[in-house]
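# What the coordinates show
This is what each chain is made of:
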Amino acid sequence: MEASQKNFGLASQHSTQFFNTLRDVLPNITNPERQQRLKEILEMRDPVTAGIASADPAVLWELQGMVRKVHENTRD
């Protein structure tokens, strides 16, 4: 949401917190398929971080895709 409102500083803070939390919880995921899918989301860290840092409007597509993947892979 912050990135869509061009609040890239706050978007960066939220992104860092999200990816750090994901990295920390991954070892506790017992379902191997879910763990792999969440690792794929974690691999989005660098492009998302770079897009936010450069205030690239295209990062919104990355973020939307990431949110969709998180939702799909964390609901039970």
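### Details of the overall build of the chain
The number of helices and strands found in the chain is 4 helices and 0 strands. Moving toward the C terminus, one meets the helices and strands of the chain in the order α-α-α-α. A compact globule built from 76 residues would reach a C-alpha radius of gyration of about 11 Å, and the chain, at 13 Å, matches this within 12%. Oriented by its inertia axes, the alpha-carbon framework of the chain measures out at about 35 × 20 × 15 Å. Residues counted as buried form 25% of the 76 residues belonging to the chain.

### Considering the packing of aromatic side chains
For the structure shown, the criterion picks out 1 aromatic pair. Aromatic pair Phe18 and Phe19: ring centres 5.1 Å apart, planes at 70 degrees, arrangement edge-to-face. The class of Phe19 is buried, set by a relative accessible area of 0%.

### Points about helix α3 (residues 45-53)
Residues of α3 that are buried: Val48, Gly51 and Ile52. All buried residues of α3 project into a common sector of 95 degrees when viewed along the axis, lining one side. Across from the buried face of α3, at angles greater than 90 degrees, the exposed residues are Asp46 and Ala53. Note on α3: the residue one or two positions beyond its end, Ala55, has a positive phi of about 55 degrees.

### Concerning the side chain of Ser15
If you trace the backbone, Ser15 turns up in helix α1 (residues 8-25). If we skip the residues at most four places from it in the chain, Ser15 touches Val48, Thr49 and Ile52.

### Observations concerning the pattern of salt bridges
Two side chains bearing opposite charge may form a pair once their charged atoms approach each other closely. Per the counting criterion, the structure on display carries 1 salt bridge. Note that Arg23 and Asp24 form a salt bridge whose closest N and O atoms lie 3.4 Å from each other. We classify Asp24 as partly exposed; its relative accessible area is 47%.

### Points about the packing of helix α2 (residues 32-42) against helix α4 (residues 59-74)
Close contact between α2 and α4 brings their axes to 10 Å; oriented N to C, the two are set at 165 degrees. With respect to their mutual orientation, α2 and α4 come out roughly antiparallel. Crossing geometry of α2 relative to α4 is assigned as left-handed. Residues Arg34, Arg37, Leu38 and Ile41 of α2 lie in contact with α4, whose contacting residues are Met66, Lys69, Val70, Asn73 and Thr74. Across the contact of α2 with α4, the residue classes break down as 4 nonpolar, 2 polar and 3 charged.

Rules and cut-offs
Residues numbered from 1 in each chain as written. Predicted model: local features only at pLDDT ≥ 70, side-chain atom pairs only at ≥ 80, totals over all residues. Heavy atoms only, no water. Helix = DSSP H or I, 4+ residues; strand = E, 2+ residues; numbered from the N terminus. Rg over C-alpha atoms; globule rule 2.2 N^0.38 Å. Buried < 20%, exposed > 50% of the residue type's maximum accessible area, 1.4 Å probe, protein only. Phe/Tyr/Trp six-rings, centres within 6.5 Å; stacked < 30°, edge-to-face > 60°. Arc of directions from axis to C-beta. Contact = heavy atoms within 4.5 Å. Salt bridge = Lys/Arg side-chain N within 4 Å of Asp/Glu carboxyl O. Axes fitted to C-alpha atoms, helices over the stretch in contact; angles between N-to-C directions. Parallel < 35°, antiparallel > 145°, perpendicular 65-115°, else oblique. Left-handed = near helix turned anticlockwise from the far one by under 90°. Nonpolar A, V, L, I, M, F, W, Y, C, P; charged D, E, K, R; others polar.

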